[in-house]
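Residue-level structural notes
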There are 2 protein chains.
Amino acid sequence: MEKPPTIKDVASLAKVHAATASRALNPQTRGKVSTRTANRVLEAAKTLGYAPNSAARMLRTKTSSVAGVIIPDLRNPVFPPIVRGIEDGLHEAGYMALLGNTDGDEERERELLLAMRGRQTDGFILATGRRTDPAPTVPTVLVNRRSDAGDVPSVTNDNNAGIFSAVELLASLGHTRIGHAAGPQGLSTGWERYRAFVDAMDSHGLAVEPGRVTFATAFTEEAGYRAAMALQGDVTAIIAGNDLIALGCYSALAERGLCCPDDVSVVGFNDMPFADRQRPGLTTVRIPHYEMGLEAARLLLERIANPTTPAKRVILPVELVRRGSVAPPR
Amino acid sequence: MEKPPTIKDVASLAKVHAATASRALNPQTRGKVSTRTANRVLEAAKTLGYAPNSAARMLRTKTSSVAGVIIPDLRNPVFPPIVRGIEDGLHEAGYMALLGNTDGDEERERELLLAMRGRQTDGFILATGRRTDPAPTVPTVLVNRRSDAGDVPSVTNDNNAGIFSAVELLASLGHTRIGHAAGPQGLSTGWERYRAFVDAMDSHGLAVEPGRVTFATAFTEEAGYRAAMALQGDVTAIIAGNDLIALGCYSALAERGLCCPDDVSVVGFNDMPFADRQRPGLTTVRIPHYEMGLEAARLLLERIANPTTPAKRVILPVELVRRGSVAPPR
DNA sequence: TTGTATGCGTTATCAT
DNA sequence: ATGATAACGCATACAA
């Protein structure tokens with residue numbers, strides 16, 4: 001375990017002073033150094049396998065090139081591609097991701113934010129946003145979900161268009177008794193999709209009966225199952241708050257002895273990995289997971305570079321993917 | 001955005017020297033300070049909302065309480081639960097995870113290792129280990145895969161037992177022409193499972209015909225499809241190198257107009273999320289994903305605390321899960 | 001264009 | 001038990 005080389009080692013190998021080496025190594029200031037010496041330094045760095053000590057750099061510059069990424073649970077299949085997109089986006093700018101899971105627990109989220117801030121994190125990407133979250137004091141971008149506060153940058157999907165196209169499809173097949181197993185209303189995704197459902201039904205001249213809308217307490221298969229079991233009013237189709245809730249609907253239908261899609265059609269939201277391989281294949285609204293993460297990373301980098309820039313809200317387009325889970329009503 | 005208080009601010013408020021404040025603040029060294037002054041310092045810290053600057057601490061102590069976690073691709077469904085386990089394990093000791101994906105590219109892996117080491121990462125957990133990787137110079141634990149070098153701690157599954165039980169099941173159903181769509185042989189998982197397949201077939205008195213074993217170039221559905229298409233010798237059952245390869249087998253069988261399990265049985269490995277919801281449900285060897293990550297984190301923390309400790313190799317038990325993808329041969 | 005000097009905030013090693 | 005001092009590695013203002 002020999003200790004890693006410092007900038008001084010590089011400098012002495014290149015026969016220059018440490019300050020010169022620093023200037024040569026940093027792309028920002030490379031112009032202040034002659035090309036010849038710059039190359040010598042770069043080469044010396046390479047042969048020594050030099051990597052700058054970020055602790056020292058952080059101490060000096062007050063930036064860490066690290067972003068905190070906080071999500072509810074990596075095991076929810078929507079998040080891996082998003083996180084992967086974030087990581088690739090951060091990588092483009094030499095940033096890395098410090099990852100944390102909250103399990104939806106606000107306390108744990110606070111804890112994580114504090115711990116990450118203590119580690120000099122330059123900014124945050126949160127996939128945990130609740131609608132009522134306060135505006136943050138460090139550069140922050142919300143992804144997938146957003147808060148009601150208007151001044152926080154966010155990357156979300158066009159929930160409205162997605163739900164409209166789902167209702168449209170079902171209506172065009174002849175469904176009129178359409179139910180909604182909605183997601184949690186404390187999260188923007190659940191809330192927006194529910195609002196969109198009401199609007200879309202209305203604009204198709206379809207009634208939203210009270211018993212035909214239930215609310216899952218979480219975006220999980222289990223909660224979706226309970227929400228689906230609570231549905232009343234003899235629906236012929238269910239629009240679920242997301243894909244996991246839709247899988248819960250599958251279970252509930254099976255338990256009730258109903259067949260999907262013959263008795264009841266089901267539509268999900270997200271097109272999570274393997275949605276196409278469910279039984280039956282899940283009709284769902286595809287969101288661009290990876291691109292969301294990528295875009296969120298870029299937004300954050302922009303925000304870090306210039307914190308006073310106005311807060312963009314990026315809304316990415318979605319696409320309805322029809323699979324075996326929908327059919328005309330009996 | 002006024003600048004955060006430093007230890008000097010705390011010290012002057014408590015009317016002590018910065019060094020004393022440091023000793024009082026650090027639980028390790030608190031004993032070297034009188035209880036009275038310690039309390040005064042602690043209180044001062046609290047009223048100022050003092051949080052230590054981790055950059056300075058890192059620079060001084062050369063530790064960061066951060067571990068680098070490097071995996072091939074987060075979108076491969078085996079990794080999210082592993083990473084989640086790692087994160088929880090690290091969290092227990094106040095550590096956090098810096099995450100990086102390599103896409104199986106050695107160059108990118110080197111780059112990531114370097115960049116992370118520059119960020120003072122205390123150690124690494126690698127899920128990318130190739131069999132021929134050299135022994136690392138910083139505390140490192142391999143998870144899921146391991147290298148041939150004996151002195152690197154690792155957490156893996158009992159690949160041997162898993163494959164044996166798969167062969168056992170198929171043999172007991174009457175299969176004799178069993179094929180193997182193996183994983184890449186440069187990775188310990190692919191290699192060990194292939195070796196185990198040969199051994200298990202042998203100990204059941206079954207022949208391993210050359211055409212009945214093919215090798216996927218990667219642990220992906222696509223590569224599995226190609227490996228399955230290359231299989232010859234009229235097999236009635238296929239043991240796949242992992243679940244994604246097994247899904248590739250599903251596609252290949254469908255393309256050949258064969259039905260699983262009526263014409264050909266398929267067994268996977270990993271029991272990745274949603275393996276039970278495939279069509280047909282995938283018979284597979286369940287590995288304890290989350291626990292692997294948890295155990296890897298603990299091993300790493302142990303290793304960091306005491307680098308000279310002998311390198312443990314933890315092998316976790318597996319369990320065959322029978323689902324719809326296997327049946328007796330026609 | 002390059003070298004010199006200084007400080008970022010903390011903690012380890014002395015000295016008191 | 002506490003204070004003084006130095007050093008971690010880097011980046012920058014300033015001098016040459």
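Residues numbered from 1 in each chain as written. Chains lettered and ligands numbered in written order. Predicted model: local features only at pLDDT ≥ 70, side-chain atom pairs only at ≥ 80, totals over all residues. Heavy atoms only, no water.

With respect to the nonpolar core
- Judged by nonpolar contacts, the single largest core of 143 residues is most densely connected at Val155(A), Ile239(A), Val155(B) and Ile239(B).
- With residues up to four places along the chain from it excluded, the contact list for Val155(A) reads Val141(A), Leu142(A), Val143(A), Asn144(A), Met292(A), Glu295(A), Ala296(A), Leu299(A), Val314(A) and Leu316(A).
- Membership of the second largest hydrophobic core comes to 20 residues, among which are Met96(A), Met116(A), Val152(A) and Leu112(B). (Core = buried A, V, L, I, M, F, W, Y, C linked by side-chain atoms within 4.5 Å. Buried < 20%, exposed > 50% of the residue type's maximum accessible area, 1.4 Å probe, protein only. Contact = heavy atoms within 4.5 Å.)

Thoughts on helix H3 (residues 35-48) of chain B
All names here are of chain B.
- The end-to-end C-alpha separation of H3 is 20 Å, in line with the 20 Å expected for 14 residues at 1.5 Å each.
- Within H3, the full set of buried residues consists of Thr37, Ala38, Val41, Ala44 and Ala45. The arc that holds the buried residues of H3, viewed along the axis, is 125°, so those residues lie on one side. In H3, the exposed positions that point more than 90 degrees away from the buried face belong to Thr35, Arg36, Glu43, Lys46 and Thr47. (Helix = DSSP H or I, 4+ residues; strand = E, 2+ residues; numbered from the N terminus. Expected span 1.5 Å × (residues − 1). Arc of directions from axis to C-beta.)

Re unusual backbone geometry
- Along the chain, Arg279(A) connects to Pro280(A) via a cis peptide bond; the corresponding omega equals -5°.
- Looking at the element boundaries, Pro280(A) is found in the loop between strand S9 (265-270) and strand S10 (283-286).
- A cis geometry characterises the amide bond from Cys260(B) onward to Pro261(B), with omega recorded as 10°.
- Examined against the element boundaries, Pro261(B) turns out to sit in the loop between helix H10 (243-255) and strand S9 (265-270).

What about the protein's contact with DNA strand C?
- The local shell around DNA strand C holds 24 residues, among which Thr20(A), Arg23(A), Arg60(A), Ile7(B) and Tyr50(B) are the closest.
- Looking at DNA strand C alone, sugar and phosphate atoms form 65% of those within 4 Å of the protein.
- In the environment of DNA strand C, a phosphate oxygen lies 2.9 Å from a nitrogen or oxygen atom belonging to the backbone of His17(A).
- Thr37(A) places a side-chain nitrogen or oxygen 2.9 Å from a phosphate oxygen of DNA strand C.
- Contributing elements (two or more residues each) for the surface near DNA strand C: helix H2 (18-25) and helix H4 (54-61) of chain A together with helix H2 (18-25) and helix H4 (54-61) of chain B.
- Per-element tally for the surface near DNA strand C: the top contributor is H4(B), with four residues.
- A breakdown of the residues in the surface near DNA strand C according to their chemical character gives nine nonpolar, eight polar and seven charged. (Near = heavy atom within 4 Å. Polar contact = N/O pair within 3.5 Å; in protein donor to acceptor, adjacent residues only side chain to side chain. Nonpolar A, V, L, I, M, F, W, Y, C, P; charged D, E, K, R; others polar.)

Considerations on the domain arrangement of chain A
- Structurally, chain A comprises domain 1 (7-52), domain 2 (66-156 + 289-310) and domain 3 (159-287).
- Taking only C-alpha atoms, the centre of domain 1 of chain A and the centre of domain 2 of chain A are 34 Å apart. (Domains from an automatic or database assignment.)

What about the packing of H2(A) against helix H3 (residues 35-48) of chain A?
Residues and elements named next belong to chain A.
- Put simply, H2 and H3 touch, their axes get as near as 9 Å, and they point 90° apart. Comparing the axis directions of H2 and H3 gives the class roughly perpendicular. Along its contact with H2, which presents Ala21, Ala24 and Leu25, the element H3 presents Ala38, Val41, Leu42 and Ala45. (Axes fitted to C-alpha atoms, helices over the stretch in contact; angles between N-to-C directions. Parallel < 35°, antiparallel > 145°, perpendicular 65-115°, else oblique.)

Looking at the relation of the copies chain B and chain A
- Relative to chain A, chain B is turned by 180° and slid 0.9 Å along the rotation axis, the superposed coordinates differing by an RMSD of 1.4 Å. The superposition of one copy onto the other is thereby described by a two-fold rotation axis. No C-alpha of chain B lies nearer the rotation axis than that of Leu98(B), which sits 2.0 Å from it.
- In this assembly, 95% of the residues forming the interface of chain B have copies in chain A that are likewise at the interface, indicating an isologous arrangement. (Least-squares fit on C-alpha atoms with pLDDT ≥ 70 in both.)

A look at the environment of Ala55(A)
- Within the element layout of this structure, Ala55(A) appears in helix H4.
- With a relative accessible area of 0%, Ala55(A) lands in the buried category.
- Aside from chain neighbours lying at most four places away, what touches Ala55(A) is Ala55(B), Met58(B), Leu59(B) and Gln120(B).

Examining the state of the cysteines
- Counting across every chain of the model gives zero disulfides over all chains.
- Not engaged in a disulfide, the cysteine Cys259(B) finds its nearest cysteine sulfur in Cys260(B); these two sulfurs lie 6.9 Å apart. (Disulfide = S-S within 2.5 Å.)

Regarding helix H9 (residues 221-230) of chain B
All names here are of chain B.
- Along H9, the positions that sit buried rather than exposed are Ala223, Gly224, Ala227 and Ala228. Buried residues along H9 cover an arc of 135° about the axis, so they all sit on one side.
- Contact partners of the buried residues in H9: strand S6 (178-182), strand S7 (213-215) and H10.

Side note on the side chain of Glu87(B)
- Position of Glu87(B) relative to the elements: it lies in helix H5 (residues 79-91).
- Taking the relative accessible area as the measure of exposure, Glu87(B) reaches 6% and is therefore buried.
- Looking at Glu87(B), its side chain comes within polar contact range of the side chain of Arg108(A), at 3.4 Å.
- Once residues lying within four places of it in the same chain are set aside, the contact partners of Glu87(B) are Leu99(A), Gly100(A), Asn101(A) and Arg108(A).

Section: the interface of chain B and chain A
- With 58 residues of chain B at the interface, the matching set in chain A holds 57 residues.
- Carbon and sulfur atoms make up 55% of the surface buried where chain B meets chain A, a total of about 4500 Å² over both sides.
- On the surface where chain B and chain A come into contact, there are ten salt bridges.
- The salt bridge partner of Arg108(A) is Asp88(B), with a shortest N-O separation of 3.9 Å.
- Put simply, the parts of the chain that give the side of chain B that touches chain A at least two residues each are H4, H5, strand S2 (96-101), helix H6 (106-118) and H10 of chain B.
- Residues belonging to the side of chain B that touches chain A are distributed by class as follows: 31 nonpolar, 14 polar and 13 charged.
- Two elements, strand S2 (residues 96-101) of chain A and S2(B), share three bridges in a ladder whose sense is antiparallel. Within S2(B), the position partnered with Leu99(A) by the bridge is Ala97(B). (Buried area = accessible area lost by both parts, 1.4 Å probe. Salt bridge = Lys/Arg side-chain N within 4 Å of Asp/Glu carboxyl O. Pairing = 2+ DSSP bridges.)

Observations regarding the packing of aromatic side chains
All names here are of chain A.
- Evaluation of the coordinates by the stated rule reveals two aromatic pairs over all chains.
- For the pair Tyr194 and Phe215, a centre-to-centre distance of 5.2 Å together with 75° between the ring planes defines the contact as edge-to-face. Taken together, the positions of Tyr194 in helix H8 (residues 188-203) and Phe215 in strand S7 (residues 213-215) put the pair 21 residues apart, joining distant regions of the chain.
- Judged by relative accessible area, which is 40%, Phe215 ranks as partly exposed.
- Lying across the ring of Phe269, Arg193 places its NZ or CZ 3.8 Å from the centre. (Phe/Tyr/Trp six-rings, centres within 6.5 Å; stacked < 30°, edge-to-face > 60°. Lys NZ or Arg CZ within 6 Å of the ring centre and 35° of its normal.)

A short note on the sheet that holds strand S8 (residues 237-240) of chain B
All names here are of chain B.
- The strand order across the open sheet built from six strands is S7-S6-S8-S9-S10-S12, with neighbouring strands paired in mixed fashion. Each edge of the open sheet is held by one strand with a lone partner, namely S7 and strand S12 (319-321). Across the sheet, the mean angle from the axis of one strand to that of its neighbour is 20°, orientation sign disregarded.
- By the bridge criterion, four bridges tie S6 to S8 in an arrangement that is parallel. Paired with Ala181 across the bridge in S8 is Ala240.
- Across the sheet, helix H7 (residues 159-173) is in contact with S6, S8, S9, strand S10 (283-286) and S12; its angle to S9 comes to roughly 165°.

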